Amino acid sequence: MSRAIILTVDDDAAVSKAITRDLRARYGERYRIVRSMSGADALATLEEFQRRDQPVALIVSDHRMPEMTGIDFLERSITLASGAKLVLLTAYADTDVAIKAINDIGLDHYLMKPWAPPEERLFPIVDDLLSDWERSNDNRFDGIRIVGNRWSERSYDTRMFLARNHVHYQWLELERDPEAQRLHALFGAPERALPLVLLSDGTVLDGPAPHELADALGLHTRAESTLYDLVVVGAGPAGLAAAVYGASEGLHTAVIERDAPGGQAAQSARIENYLGFPNGLSGSDLSQRAMMQAQRLGAEMVFARSVDSLVQRGNVHAVCFADGTEIEARAVVIATGVSYRRMGGEGLAELTGRGVYYGASASDARGTEGDDVYIVGAANSAGQAALHLARFARRVVILARGASLTTSMSTYLVDRIVAADNIEVRLQTEVVRGGGTDHLEWLELVDVSTGQHEEVKASFLYVFIGASPHTDWLGDTIARDERGFILTGPDVVNLDRDRWRWPHRRPPFLLETSRPGVFAAGDVRLASMKRVASAVGEGSSAVSNVHLYLETV
Ligand SMILES: Cc1cc2nc3c(=O)[nH]c(=O)nc-3n(C[C@H](O)[C@H](O)[C@H](O)COP(=O)(O)OP(=O)(O)OC[C@H]3O[C@@H](n4cnc5c(N)ncnc54)[C@H](O)[C@@H]3O)c2cc1C
């Protein structure tokens, strides 16, 4: 496979040489570093790369250039080098323009000139951008190939499981790819279920369940001990924060995750409101960093295992798995989050995973290239998904029940949606039906203000319509509200109809549930804020509550 490209663009010969030299010194072995002296020349170069299907990982452009500003050039480069990370070289005087470009064109970073010493002011930024690009770039895979049908739910789930666990793979579609057909003929006996997953050591798995795939890939799927100080259920932002704080404060900590780290946040193409990341960061990047941090501090991560009940034995809590095994803990933090509510329209349930998707992860977007995509929802998650998918899809249509987006979506997202050429917003519109032979092919929409029905062709429907908590597995063991959200702190004594549940004279700690020693953090908790930062805050606060609790037993 040819090396991906890093392109530098600067009309000033001295600066151009310097930035190219620094980048070549550090990245020259892994990337091809190409230099352009003007925006026009660089656009022609990118066209050529696009024609030859050569991936571009990073473009670093000066802002002040005579014929075309750096921002104009970078904006035009997006269609030629989709997915490339964009960096603007600026003088101090242009900082405001650069900050604006983060919103306007999706600039990934701006670098102040001069950037010496590069070890401090250039390489850490570029390292981050390139590792993010590498993680989300399908061209680079760890020898794992998935052969399956384009519209199979099982294939989709397998790809999502690998993507969320940051395992690179090559996706080969049986309908369109001769290599997929060759591999299927070679390994796909009729009785073998699709998708086929071919590992680099020659192992072939057919239609593997997540835990089989995780075992085959050597992911950690079993707890090493039988008793922990703290078990965290769920590895979204709240659970990962609890793991970081628990482990760093000396608690023997394990985190159980049924799928992959990051939770809902991992589906976010760009989180823009997390403190300390002025350019935003992808949810997958945030999750990967948090997981590495938790592991480095000593937390044990157990993947592809779903907790399905909680049993109390004196002061110890048994966290039980579906296969009958269990681990015990002196304290438990439940951070199982929420997932999107299902769409009610006729025919849509049957098409889940075959054109109808709940939430959208960054890795889905490429599959929509050249197609029309419909998105249901009017909150920030829908807006972010629309902007991200619009980079690949031919057209994105947002369907919102309300009369305006501004009441439910942040202004910065609404502004960018309005400015995007290929995003259309249809207000007061609902999906009533959907259908297709083996995948979604059409939707029936209704304009609720006029009652008029319309059928549209559609291959993709992404749904973002409110959330329900992952708490069914708790049954009656812990007080929840009528929608399933967990009561904590004062709510345990004020709102639980079965107040007798709280057994102590002391009031529950702020994040403690109706069962002493069991805490809840993040979206799963009643009246939580449903944001990454608040989930992280609650996950870390839960650990301080755990310490207070352990002093009482
Ligand atoms: C597409 C999208 C974009 C978003 N963008 C933003 C944004 O820009 N800014 C922002 O602040 N917020 C954003 N949010 C909201 C934010 O992601 C959530 O508020 C946050 O992730 C909540 O974290 P959490 O840890 O409480 O739960 P979750 O992120 O839901 O994580 C819960 C985890 O628990 C696991 N789990 C569930 N049940 C079990 C079980 N029984 N056993 C084991 N594991 C289990 C799940 O697999 C999951 O990994 C976005 C959400 C979405 C979906």
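To be clear, the structure that these remarks concern was listed above.
The structure presented is a predicted model; accordingly, all values stated were derived computationally and were not measured. (Residues numbered from 1 in each chain as written. Predicted model: local features only at pLDDT ≥ 70, side-chain atom pairs only at ≥ 80, totals over all residues. Heavy atoms only, no water.)

J.: Where do I start with the overall build of the protein in this structure?
T.: What the protein contains, in helices and strands, is 15 helices and 26 strands. Relative to the 2.2 N^0.38 estimate, which gives 24 Å for 553 residues, the radius of gyration of the protein is 25 Å and therefore close to what a compact globule would have. The burial tally for the protein puts 55% of its 553 residues in the buried class. Across the protein, every contact between residues at least 6 apart in sequence was considered, and the portion connecting residues at least 24 apart equals 63%. Looking at the protein as shown, the accessible area adds up to about 24400 Å², and 49% of this sits on carbon and sulfur atoms. Within the protein, one finds 57 positive and 75 negative side-chain charges whose respective centroids are separated by 1 Å. (Helix = DSSP H or I, 4+ residues; strand = E, 2+ residues; numbered from the N terminus. Rg over C-alpha atoms; globule rule 2.2 N^0.38 Å. Buried < 20%, exposed > 50% of the residue type's maximum accessible area, 1.4 Å probe, protein only. Contact = heavy atoms within 4.5 Å. Areas by Shrake-Rupley, 256 points an atom, 1.4 Å probe, with all protein chains shown as cover. Lys, Arg positive; Asp, Glu negative; His and termini not counted. Charge placed at Lys NZ, Arg CZ, Asp CG, Glu CD.)

J.: I tried to follow the site of the ligand on my own but got confused; where do I start?
T.: Close to the ligand lie 37 residues; Glu257, Gln264, Gln384, Asp523 and Val532 are nearest. Between the ligand and Arg258 there is a distance of 3.2 Å, counted from a nitrogen atom to a backbone nitrogen or oxygen. At a separation of 2.9 Å, a nitrogen atom of the ligand approaches a polar side-chain atom of Asn273. Protein burial of the ligand: of its 1000 Å² of free accessible surface, 95% is covered by the chains. (Near = heavy atom within 4 Å. Polar contact = N/O pair within 3.5 Å; in protein donor to acceptor, adjacent residues only side chain to side chain.)

J.: It is not clear to me how the sheet that holds strand β7 (residues 170-173) should be interpreted in this structure. Could you clarify?
T.: Adjacent strands of a sheet pair through backbone hydrogen bonds, lying either parallel or antiparallel. On the basis of which strands lie adjacent, the open sheet formed by 4 strands has the order β7-β6-β8-β9 and mixed pairing. The outermost strands of the open sheet, each flanked by one partner alone, are β7 and β9 (204-206). Neighbour-to-neighbour, the strand axes of this sheet turn through a mean angle of 20°, independent of strand direction. One ladder, built from 3 bridges, connects strand β8 (residues 196-198) with β9; its direction is antiparallel. Bridge pairing in β9 links Leu198 to Val204. Against the sheet, helix α7 (residues 153-164) touches β6 (145-148), β7 and β8, its axis set at about 165° to β6. (Pairing = 2+ DSSP bridges. Axes fitted to C-alpha atoms, helices over the stretch in contact; angles between N-to-C directions.)

J.: Is there a simple way to think about helix α13 (residues 411-419) in this case?
T.: For an α-helix the count is 3.6 residues per turn, leaving residues at separations of three or four pointing the same way. Buried residues of α13: Leu413, Val414, Arg416 and Ile417, and no others. One face of α13 carries all of its buried residues, which in axial projection span an arc of 165°. For α13, exposure combined with an orientation more than 90 degrees from the buried face picks out Thr411, Val418 and Ala419. (Arc of directions from axis to C-beta.)

J.: Any chance you could explain the sheet that holds strand β17 (residues 356-358) here in plain terms?
T.: Ordered by their spatial adjacency, 5 strands build an open sheet running β17-β24-β18-β19-β20, and the pairing between neighbours is parallel. Strands at the two margins of the open sheet, each flanked by one partner only, are β17 and β20 (423-426). The mean inter-strand angle of the sheet, taken between neighbouring strand axes irrespective of direction, is 20°. Alignment of strand β18 (residues 372-376) against strand β24 (residues 460-463), held across 4 bridges, turns out to be parallel. Following the sheet pairing, Ile375 is matched in β24 by Tyr462. Against the sheet, helix α12 (residues 380-389) engages β18, β19 (395-399), β20 and β24, with an angle of about 170° to β18.

J.: Looking at this structure, how should I read the pattern of salt bridges?
T.: Oppositely charged side chains can pair when the atoms bearing their charge come close. Summed over all chains, the structure comprises 33 salt bridges. Note that Glu173 and Arg150 form a salt bridge whose closest N and O atoms lie 4.0 Å from each other. Placement of the pair is Glu173 in strand β7 and Arg150 in the loop between β6 and α7, with a sequence separation of 23 residues. As far as the burial class goes, Glu173 and Arg150 line up, both buried. When salt bridges that share partners are traced, they join Arg150, Glu173, Arg176 and Asp371 into one network. (Salt bridge = Lys/Arg side-chain N within 4 Å of Asp/Glu carboxyl O.)

J.: How do you make sense of the pairing of strand β1 (residues 5-9) when you look at a structure like this?
T.: Each regular strand shows side chains that alternate between the opposite faces of the sheet. Within β1, 5 of the 5 residues are buried, leaving the element largely enclosed by the surrounding structure. Burial of the side chains of β1 extends over both faces: Ile5, Leu7 and Val9 are buried on one face and Ile6 and Thr8 on the other. Summarising the sheet, β1 and strand β3 (residues 56-62) pair through 5 bridges and their orientation is parallel. Bridge assignment links Ile5 to a residue of β3, and that residue is Val56.

J.: Teacher, can you tell me more about the pairing of β20 here?
T.: Bridge count between β19 and β20: 4 bridges; the pairing is parallel. Its bridge partner being in β20, Ile398 is matched across the sheet by Val425. Following the chain from β19 across α13 to the adjacent parallel β20, one finds a crossover that is right-handed. (Right-handed = clockwise from strand over helix to strand, strands pointing away.)

J.: Is there a simple way to think about unusual backbone geometry in this case?
T.: A negative phi angle is the norm for most residues apart from glycine, just as the trans form is the norm for most peptide bonds. Of note, the amide linkage connecting Ala116 to Pro117 takes the cis form, showing an omega dihedral of -10°. The residue Pro117 is located in the loop between β5 (109-112) and α5 (118-121) in this model. In this model, Leu194 is joined to Pro195 through a cis peptide bond whose omega is 0°. A positive phi angle is found at Asp53, which is not glycine, with a value near 60°. Relative to the elements of secondary structure, Asp53 occurs in the loop between α2 (39-51) and β3. We classify Asp53 as exposed; its relative accessible area is 68%. Phi at Lys530 is positive, roughly 60°, even though this residue is not glycine.

J.: Just to check I follow, could you spell out the packing of aromatic side chains for this structure?
T.: A ring pair, where both rings are aromatic, is described by two values, the distance of the centres and the angle of the planes. For the structure on display, the rule yields 9 aromatic pairs. Between Tyr27 and Phe123 the ring centres are 6.0 Å apart and the planes differ by 85°, which places this aromatic pair in the edge-to-face class. You can see Tyr27 sitting in helix α1 (residues 13-27) and its partner Phe123 sitting in helix α6 (residues 123-135), a full 96 residues away along the chain. Each member of the pair, Tyr27 together with Phe123, is buried. Connected via pairs of aromatic rings, a cluster forms that spans Trp151, Tyr156, Tyr357, Phe460 and Tyr462. Sitting above the plane of the Phe321 ring, Arg305 keeps its charged end 4.4 Å from the centroid. (Phe/Tyr/Trp six-rings, centres within 6.5 Å; stacked < 30°, edge-to-face > 60°. Lys NZ or Arg CZ within 6 Å of the ring centre and 35° of its normal.)

J.: Would you mind going over the environment of His184 with me for this structure?
T.: Structurally, His184 is set in helix α8 (residues 178-187). Of the residues examined, His184 reaches a relative accessible area of 25% and is grouped as partly exposed. Separated by 333 residues in sequence, His184 and Gly517 place their C-alpha atoms 52 Å apart. If near-sequence neighbours (up to four positions away) are discounted, His184 is found in contact with Val147, Leu174, Leu194 and Leu196.

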